[in-house]
Amino acid sequence: MNTKPLATLPDNGFFLAFAAAGLFSLKAIFIKLAYRYGVDVETFILLRMLLALPFYLAIVALLKRGGAWRPVPPRLLLQTAVLGLFSYYLASFLDLQGLRYINANFERLILYLYPTFVLLMSWLLLRKPPGTRQLLCILGAYAGILLIYWQDSAFGTDTAAPAWVPLSAIAWGTLLTAAAALSFAIYVTFSAGAIGRLGSRQFTALAMMAASIAIAVHFTLQGDWARLSQPRPVYAYALTVAFACTVVPSLMMSAAIERIGPAATGAVGTSGPVITLIAATLVLGEPFTLYHLVGMTVIIGSLMLLKKAGSGGETVKKAAPARETAS
């Protein structure tokens with residue numbers, strides 16, 4: 001009899017990567033379900049962060065107890081905090097705002113465009129122009145987004161855009177979600193040095209703590225603590241998003257990277273938008289047409305080619321597994 005533990009089986013890393021992608025992708029579904037109870041974005045983010053924070057504090061305690069905690073100079077701490085604000089605060093806030101106006105499957109595909117923003121910022125800020133093949137991949141990805149945007153303009157959600165916004169609800173939701181992807185791309189572009197000095201677990205824990213403080217301050221300034229009184233399902237969805245769709249899959253993703261490497265883990269992660277689309281159709285009743293299938297295929301195909309298209313793609317490929325913990 002083969003007594004080799006399951007954790008050492010060659011295909012276990014692929015299972016972990018797929019399970020992590022699936023749990024990450026269900027986040028938008030649970031957020032949409034919570035919105036049906038009338039919870040606002042700031043309240044849901046605060047609940048999510050408060051429920052997830054103890055797990056990251058436990059990581060800090062384990063790092064210190066195990067002697068793996070690294071010194072954090074003030075300048076590095078400030079850099080980590082700012083990057084945490086871009087990823088875990090601003091990107092999350094914009095993403096959840098966008099989800100009020102667009103379908104969950106469209107939201108996931110827009111967020112999936114963040115590698116294109118990384119390349120464009122490398123071009124504008126770091127003077128690293130993309131190659132012709134990379135530009136074609138970027139154009140292909142945005143063509144897929146435009147196709148789905150055109151199709152979804154006939155559906156939309158029940159939430160109207162604010163009166164001061166001169167855009168349709170779908171256009172406004174698309175813009176907000178794209179801004180969330182841009183915010184995370186800033187995080188990806190400038191976080192490599194800090195992660196290298198602190199390690200991914202310590203960096204993530206500190207960044208999450210900084211974002212939690214910002215979200216608490218944001219909520220406090222609004223001064224309406226009565227909003228924390230929500231129906232029980234809202235707390236259940238917030239806990240599910242915090243634990244099952246953030247903490248657990250982030251640990252699974254780290255384990256998968258250790259077993260099969262970042263490239264294979266990132267490739268398995270491309271199943272995420274597909275899982276979101278299927279879940280959104282079955283659970284939320286969102287439309288799924290031939291245009292959605294074609295647009296999704298074009299986007300995923302373009303970004304998979306982008307990861308193989310040179311140094312910019314390599315940067316994106318190494319950062320890809322971290323994407324799901326952001327928003």
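Quick summary incoming for the structure in this document. (Residues numbered from 1 in each chain as written. Predicted model: local features only at pLDDT ≥ 70, side-chain atom pairs only at ≥ 80, totals over all residues. Heavy atoms only, no water.)

## A short note on the packing of aromatic side chains
Part 1 of the argument: Per the counting criterion, the structure on display carries 10 aromatic pairs.
Part 2 of the argument: Here the aromatic rings of F55 and F243 are separated by 4.9 Å at their centres, their planes lie at 35°, and the arrangement is tilted. Residue F55 is found in helix α3 (residues 41-65), and its partner F243 is found in helix α10 (residues 232-268); the two are separated by 188 residues along the sequence.
Part 3 of the argument: On the accessibility criterion, F243 (35% relative accessible area) is partly exposed.
Part 4 of the argument: Here W150 and Y291 contribute two aromatic rings whose centre-to-centre distance is 5.1 Å and whose plane-to-plane angle is 75°, an arrangement assigned as edge-to-face. With W150 in helix α7 (residues 132-152) and Y291 in helix α12 (residues 290-306), the pair connects residues that are 141 residues apart, well separated along the chain.
Part 5 of the argument: Every member of this aromatic cluster is reached through a ring pair, and the members are Y88, Y114, F184, Y187 and F203.
Part 6 of the argument: The ring of W69 carries K64 above its face, with NZ or CZ at 5.0 Å from the centroid. (Phe/Tyr/Trp six-rings, centres within 6.5 Å; stacked < 30°, edge-to-face > 60°. Helix = DSSP H or I, 4+ residues; strand = E, 2+ residues; numbered from the N terminus. Buried < 20%, exposed > 50% of the residue type's maximum accessible area, 1.4 Å probe, protein only. Lys NZ or Arg CZ within 6 Å of the ring centre and 35° of its normal.)

## A word on the packing of helix α5 (residues 104-111) against α7
Part 1 of the argument: Running from N to C, α5 and α7 cross one another at 160°; their axes reach a closest spacing of 11 Å. As summarised for this structure, α5 and α7 are arranged roughly antiparallel, according to the angle between their axes. Here the hand of the crossing between α5 and α7 comes out left-handed. Contact residues: N105, F106, L109 and I110 in α5; I145, I148, Y149 and D152 in α7.
Part 2 of the argument: Here the contact of α5 with α7 is built from residues that sort into six nonpolar, one polar and one charged. (Axes fitted to C-alpha atoms, helices over the stretch in contact; angles between N-to-C directions. Parallel < 35°, antiparallel > 145°, perpendicular 65-115°, else oblique. Left-handed = near helix turned anticlockwise from the far one by under 90°. Contact = heavy atoms within 4.5 Å. Nonpolar A, V, L, I, M, F, W, Y, C, P; charged D, E, K, R; others polar.)

## Looking at the pattern of salt bridges
Part 1 of the argument: All chains considered together, the criterion is met by two salt bridges.
Part 2 of the argument: Between R227 and D40 there is a salt bridge, with its nearest N and O atoms 2.9 Å apart. Remark: D40 occurs in the loop between α2 (27-35) and α3 and R227 occurs in the loop between α9 (200-222) and α10; sequence separation between them is 187 residues.
Part 3 of the argument: We classify R227 as buried; its relative accessible area is 17%.
Part 4 of the argument: Here D40 falls in the partly exposed class, since its relative accessible area comes to 21%. (Salt bridge = Lys/Arg side-chain N within 4 Å of Asp/Glu carboxyl O.)

## Things to note about helix α11 (residues 272-284)
Part 1 of the argument: Look at α11: 17 Å from first C-alpha to last across 13 residues, which is about the 18 Å you get at 1.5 Å a residue.
Part 2 of the argument: Within the span of α11, buried status applies to G272, P273, I275, T276, L277, A279, A280 and L284.
Part 3 of the argument: Residues of α11 that are buried in the fold lie against α1 (12-25), α2, α5 and α12.
Part 4 of the argument: Immediately beyond the C-terminal end of α11, within one or two residues, lies G285, with a positive phi of roughly 70°. (Expected span 1.5 Å × (residues − 1).)

## Comments concerning the environment of V41
Part 1 of the argument: In this fold, V41 is placed in helix α3.
Part 2 of the argument: Looking at V41, the relative accessible area reads 3%, which means it is buried.
Part 3 of the argument: Residues V41 and L99, 58 residues apart in the sequence, show an inter-C-alpha distance of 9.6 Å.
Part 4 of the argument: Residues contacting V41, with those up to four places away along its chain left out, are Y35, F93, L96, Q97 and R100.

## Re empty space enclosed by the protein
Part 1 of the argument: Taken as a whole and assessed by the stated rule, the structure comprises two cavities of 30 Å³ or more.
Part 2 of the argument: Looking at the second largest cavity, its volume works out to about 40 Å³.
Part 3 of the argument: If you trace the second largest cavity, you find it lined by E42, I45, Y89, F93, I215, H218 and F219.
Part 4 of the argument: For the lining of the second largest cavity, the secondary-structure elements that each account for two or more residues are α3, α4 (74-99) and α9.
Part 5 of the argument: For the lining of the second largest cavity, a count of residues per class yields five nonpolar, one polar and one charged. (1 Å grid on protein atoms, 1.4 Å probe; cavity = no way out; pocket = protein on both sides within 12 Å on 5 of 7 lines; lining within 4 Å. Points joined across faces, edges and corners; volume = space filled by probe spheres on them.)

Keep in mind these numbers describe shape, not what the thing actually does.
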